Amino acid sequence: MSQTGIYAIQNNLNGKAYVGSAVTFRKRWSLHRCALGRGSHHARPLQQAWDKYGAEAFSFIVLEEVADPASLTEREQVWIDKYRQGNRAYNMARVAGSRLGMKSSPETRAKIAAA
């Protein structure tokens with residue numbers, strides 16, 4: 001099995017999911033779980049659902065293995081669009097690999113400005 005591709009963090013209770021891409025699935029899932037456990041995940045709708053339903057309500061699912069990492073963003077967009085069609089996406093950004101459509105907290109904006 002390839003370690004590179006498109007994944008979903010799926011809510012098993014309502015079918016909604018956060019869609020993302022990873023070069024290494026296991027590492028990416030670990031980073032998501034860490035942020036969600038701290039209550040600091042960048043996708044607020046996912047964080048709110050995680051807090052409401054608990055970790056046991058979610059699964060990490062490989063949606064598609066991708067041989068060429070250069071095509072990850074393109075394939076991720078296809079999957080985000082599929083989930084958005086049914087209003088089942090926790091993703092805040094409408095475009096894969098972009099922050100377009102996301103609203104940053106005042107703390108985040110201050111960190112970006114300071115950098």
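Residues numbered from 1 in each chain as written. Predicted model: local features only at pLDDT ≥ 70, side-chain atom pairs only at ≥ 80, totals over all residues. Heavy atoms only, no water.

### Things to note about the confidence of the model for the chain
Here is step 1 of the chain: Mean pLDDT for the chain: 86, with 81% of residues reaching 70 or above.
Here is step 2 of the chain: Throughout residues 98-102 the model reports pLDDT below 50, and contacts reaching past four residues in sequence, or to other chains, amount to 11 contacts. (pLDDT = per-residue confidence, 0-100. Contact = heavy atoms within 4.5 Å.)

### Quick notes on the nonpolar core
Here is step 1 of the chain: Core analysis: the largest hydrophobic core is formed by 14 residues, its most contacted members being Tyr7, Ile9, Tyr18, Leu46, Trp50, Phe58 and Tyr90.
Here is step 2 of the chain: For this core, the secondary structure elements donating two or more residues are strand S1 (5-11), strand S2 (17-22), helix H1 (25-38) and helix H2 (44-53).
Here is step 3 of the chain: Residues within four places of Ile9 in sequence aside, it is in contact with Lys16, Ala17, Tyr18, Trp29, His32, Leu46, Phe58, Ser59 and Phe60.
Here is step 4 of the chain: Counting residues in hydrophobic clusters, the runner-up holds 12 residues, among them Leu72, Trp79, Tyr83 and Ala96. (Core = buried A, V, L, I, M, F, W, Y, C linked by side-chain atoms within 4.5 Å. Buried < 20%, exposed > 50% of the residue type's maximum accessible area, 1.4 Å probe, protein only. Helix = DSSP H or I, 4+ residues; strand = E, 2+ residues; numbered from the N terminus.)

### Regarding helix H3 (residues 72-85)
Here is step 1 of the chain: Here H3 is 14 residues long and its end C-alpha atoms lie 20 Å apart, about the 20 Å a rise of 1.5 Å per residue gives.
Here is step 2 of the chain: Those residues of H3 that sit buried are Leu72, Glu76, Gln77, Trp79, Ile80 and Tyr83.
Here is step 3 of the chain: Note on H3: the residue one or two positions beyond its end, Asn87, has a positive phi of about 55°. (Expected span 1.5 Å × (residues − 1).)

### Focus on the side chain of Thr4
Here is step 1 of the chain: Relative to the elements of secondary structure, Thr4 occurs in the segment before S1.
Here is step 2 of the chain: Side-chain polar atoms of Thr4 contact the backbone oxygen of Val23, separated by 2.8 Å.
Here is step 3 of the chain: Ignoring sequence-local partners within four residues, the contact set of Thr4 consists of Ala22, Val23, Phe25, Glu64, Glu65, Val66, Pro69 and Leu72. (Polar contact = N/O pair within 3.5 Å; in protein donor to acceptor, adjacent residues only side chain to side chain.)

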